[in-house]
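Structural features, examined
For reference, the chains in residue letters:
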Amino acid sequence: MTATDPPAAHVVLLATGGTISSRASAAGGAIASDTGGQLFASLGSSASFPVRVVDVFQKGSYLLTVDDMIAICVKIKEVLEDPQVLGVVVTHGTDTMEETAYLVDLTHNDHRPVVFTGAQHAADSASPDGPDNLSRAIAVAGSPDARGRGVLVAFAGTIFPAPGLRKSHTTSLNAFANPDFGTAGHISATGEVSIQGAPAGLEPLPLPGPEAGSPRVDLVAAYPGADSTLLHAAVQAGAAGIVLQGTGSGNANAKLCPEVAAATSAGVIVVTSTRVDAGAVIPIYGAGGGADLRAAGAIPSGLIRPSQSLVLLSLLLRLGTPPTRIAEVFAERGRSPDQSR
Ligand code: ASP
């Protein structure tokens, strides 16, 4: 089935690039190049549902901006205007899949599933994993059991919820983990979908229009010996928001903390997250630790990791959200799944 076929119940394959579409280039290095039509043609067997292909762009996801991610959200909303669409599969690079999938999840206001997938081996490798991942993702996107579950990521047979998703391995075919929110189910090689757990049931946020502009949000890390130079540079560069990747439960040090206080008094929103894989940011320590960061006006991200904190903060700033509400949204969305229900 192609974009010109008559409408009937179908899944849309929205292609954005990534390794799943990459081939060796004459210029050197693998480049995202295959179209959605080529990806679909690579499926050896027939798909579980009829598929219509929509190309957004062909880019490595390490090149995407938040504006590109918003463009993907806009395209998803456009294709869901067709009532014949059962669900959407987004093929995407794995590097920043956790960012785009989270942004779509935050703004998804439709019961039909959006399922992200990709590949670790390029399309022209000896053993590409893309076709199998794509075929399983199509089975999930068309499954009635996946409805009302928000945005899912189907990879190497496992289904993950988008919040909490992390790329956890640079090369393994099992590229993803979700240490805080767990998995949402599995898909067999023959396309049987089993979904478990309940969605968090949080209200979707609006998608900003082009008039929102692109407020700068920077990510700055705390590490042994870090001083305030990089944080200061972010403020000087005009950052409206900064995600501070703290150590442990969300700590910085006595040099970073006063710079955070200066930034927040100047109206910059600072969110404290952590480089640790699981567990919440909790303001405990003084001497430049998390308790001092909170006193300096930083907002603890709860369970939201730096990559997804950057996405949530970028979205809230585009929506013109007041600082007190930004803190509330991080508290609501950064809770453990048990507390959210
Ligand atoms: N390694 C990445 C991928 O799997 C490259 C990218 O994110 O585009 O697609």
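Residues numbered from 1 in each chain as written. Predicted model: local features only at pLDDT ≥ 70, side-chain atom pairs only at ≥ 80, totals over all residues. Heavy atoms only, no water.

**As for helix α9 (residues 323–333)**
Stated precisely, the cut-off is as follows: With a 1.4 Å probe rolled over the protein chains alone, any residue whose accessible area is under 20% of its type maximum counts as buried; one over 50% counts as exposed, and the rest are partly exposed. Helix and strand definitions here come from DSSP, where helices need a minimum of 4 consecutive H or I residues and strands a minimum of 2 consecutive E residues; each element is numbered from the N-terminal end. Directions are taken from the helix axis to each C-beta atom, and the arc is the one they span. Between two residues, a contact is recorded if the distance between any of their heavy atoms is within 4.5 Å.
Residues of α9 that are buried: Ile326, Val329, Phe330 and Arg333. Along α9, the residues classed as buried sweep out an arc of 100 degrees about the axis, all on the same side. The secondary structure elements touched by the buried residues of α9 are α3 (97–107), β15 (269–274), β16 (299–300) and α8 (306–318).

**Let's talk about the environment of Ala327**
For Ala327, the position within the fold is in helix α9. A relative accessible area of 29% means that Ala327 is categorised as partly exposed. Remark: the alpha-carbon pair of Ala327 and Val53, spanning 274 residues in sequence, is separated by 39 Å.

**A word on the environment of His186**
Position of His186 relative to the elements: it lies in strand β11 (residues 185–187). In the structure, His186 is positioned 61 residues away from Thr247 in sequence and 33 Å away in space, judged by C-alpha atoms. Sequence-distant contacts of His186, that is, excluding residues within four places in its chain, are made with Gly157, Thr158, Ile159, Glu192, Val193, Ser194 and Gln196.

**Examining the site of the ligand**
Where we set the bar: If a single non-hydrogen atom of a residue is within 4 Å of a molecule or strand, that residue counts as near it. Under the rule applied, a polar contact is a pair of N or O atoms within 3.5 Å (in protein, one hydrogen donor and one hydrogen acceptor; residues adjacent in sequence only if both atoms are side-chain atoms). Reported accessibility uses the Shrake-Rupley method at a 1.4 Å probe radius. Residues are deemed covered only where the shown protein chains occlude them. Under the scheme applied, nonpolar residues are Ala, Val, Leu, Ile, Met, Phe, Trp, Tyr, Cys and Pro; charged residues are Asp, Glu, Lys and Arg; polar residues are all the others, including Gly.
Around the ligand, a shell composed of Gly18, Thr19, Gly60, Ser61, Tyr62, Gly93, Thr94, Asp95, Ala119 and Lys167 is seen. Here an oxygen atom of the ligand and a backbone polar atom of Thr19 are 2.6 Å apart. Ala119 is positioned with one of its backbone polar atoms (N or O) 3.0 Å from an oxygen atom of the ligand. When the ligand sits alone it has 260 Å² of accessible area, and the protein chains cover 88% of it. Grouping the amino acids of the shell around the ligand by side-chain chemistry returns two nonpolar, six polar and two charged.

**Re the sheet that holds strand β4 (residues 51–59)**
To be explicit about the condition: Paired strands, in this sense, are two strands between which DSSP finds at least two bridges. Axis definition: a line fitted to C-alpha atoms, limited for helices to the stretch in contact. Angles are taken between N-to-C directions and run from 0 to 180 degrees.
With mixed pairing, eight strands are arranged side by side in an open sheet as β4-β1-β5-β6-β7-β8-β11-β12. With one partner strand each, in any of the chains shown, β4 and β12 (193–195) form the two edges of the open sheet. For this sheet, the mean inter-axis angle between neighbouring strands, taken without regard to orientation, is 20 degrees. Note: strand β5 (residues 85–91) against strand β6 (residues 114–117), four bridges, orientation parallel. By the bridge assignment, Val89 is partnered in β6 with Val115.

**Thoughts on the pattern of salt bridges**
What counts is decided by this rule: We define a salt bridge as a side-chain nitrogen of Lys or Arg found within 4 Å of a carboxyl oxygen belonging to Asp or Glu.
A full pass over the atoms with the stated rule returns 13 salt bridges. In this structure, the salt-bridge partner of Arg112 is Asp110, at a minimum N-O distance of 2.9 Å. Judged by its relative accessible area of 8%, Arg112 is buried. Because the salt bridges share partners, they merge into one network encompassing Arg325, Glu328 and Glu332.

**Quick word on the layout of surface pockets**
Rules: In this analysis a 1.4 Å probe is tested at points of a 1 Å grid over the protein atoms alone, and where it fits but cannot get out there is a cavity; an open set with protein on both sides within 12 Å along at least five of seven lines is a pocket; lining residues have an atom within 4 Å of a point. Grid points are joined across faces, edges and corners, and a volume is the space filled by probe spheres set on the points.
Taken as a whole, the second largest pocket spans an internal volume of roughly 240 Å³. If you trace the second largest pocket, you find 17 residues lining it, with Thr65, Val66, Val217, Leu310 and Ser314 closest to the centre. Listed by contribution, the elements that provide at least two residues to the lining of the second largest pocket are α2 (66–79), β13 (217–221) and α8. Per element, the largest residue contribution to the lining of the second largest pocket is four residues, and it comes from α8. Residue classes in the lining of the second largest pocket are distributed as eight nonpolar, five polar and four charged.

**Description of the packing of aromatic side chains**
Definition in use: Ring pairs are drawn from Phe, Tyr and Trp, using the six-membered ring of Trp, whenever the two centres fall within 6.5 Å, and their geometry is named by plane angle: stacked under 30 degrees, edge-to-face over 60, tilted for the rest. The rule for a charge over a ring is simple: NZ of Lys or CZ of Arg within 6 Å of the ring centre, and within 35 degrees of the ring normal.
Under the criterion given, the structure shown has one aromatic pair. Each ring, one from Phe155 and one from Phe176, has its centre 5.1 Å from the other, and the planes form 70 degrees; the classification is edge-to-face. Placement of Phe155 in strand β7 (residues 151–155) and of Phe176 in strand β10 (residues 176–177) is noted, with a sequence separation of 21 residues between them. Here the two residues Phe155 and Phe176 agree in accessibility, since each one is buried. Sitting over the face of the ring of Phe57, Lys59 holds its NZ or CZ atom 4.9 Å from the ring centroid.

**Looking at the sheet that holds β15**
If you walk across this open sheet you meet the four strands as β13-β14-β15-β16, and the pairing is parallel. What marks the edges here is a single partner per strand, and that holds for β13 and β16. Where β15 meets β16, two bridges bridge the pair, whose relative direction is parallel. Across the sheet, the residue bridging to Val271 is Ile299, located in β16. Contacting β13 and β14 (241–246), helix α5 (residues 229–236) runs over the sheet at an angle of about 175 degrees to β13.

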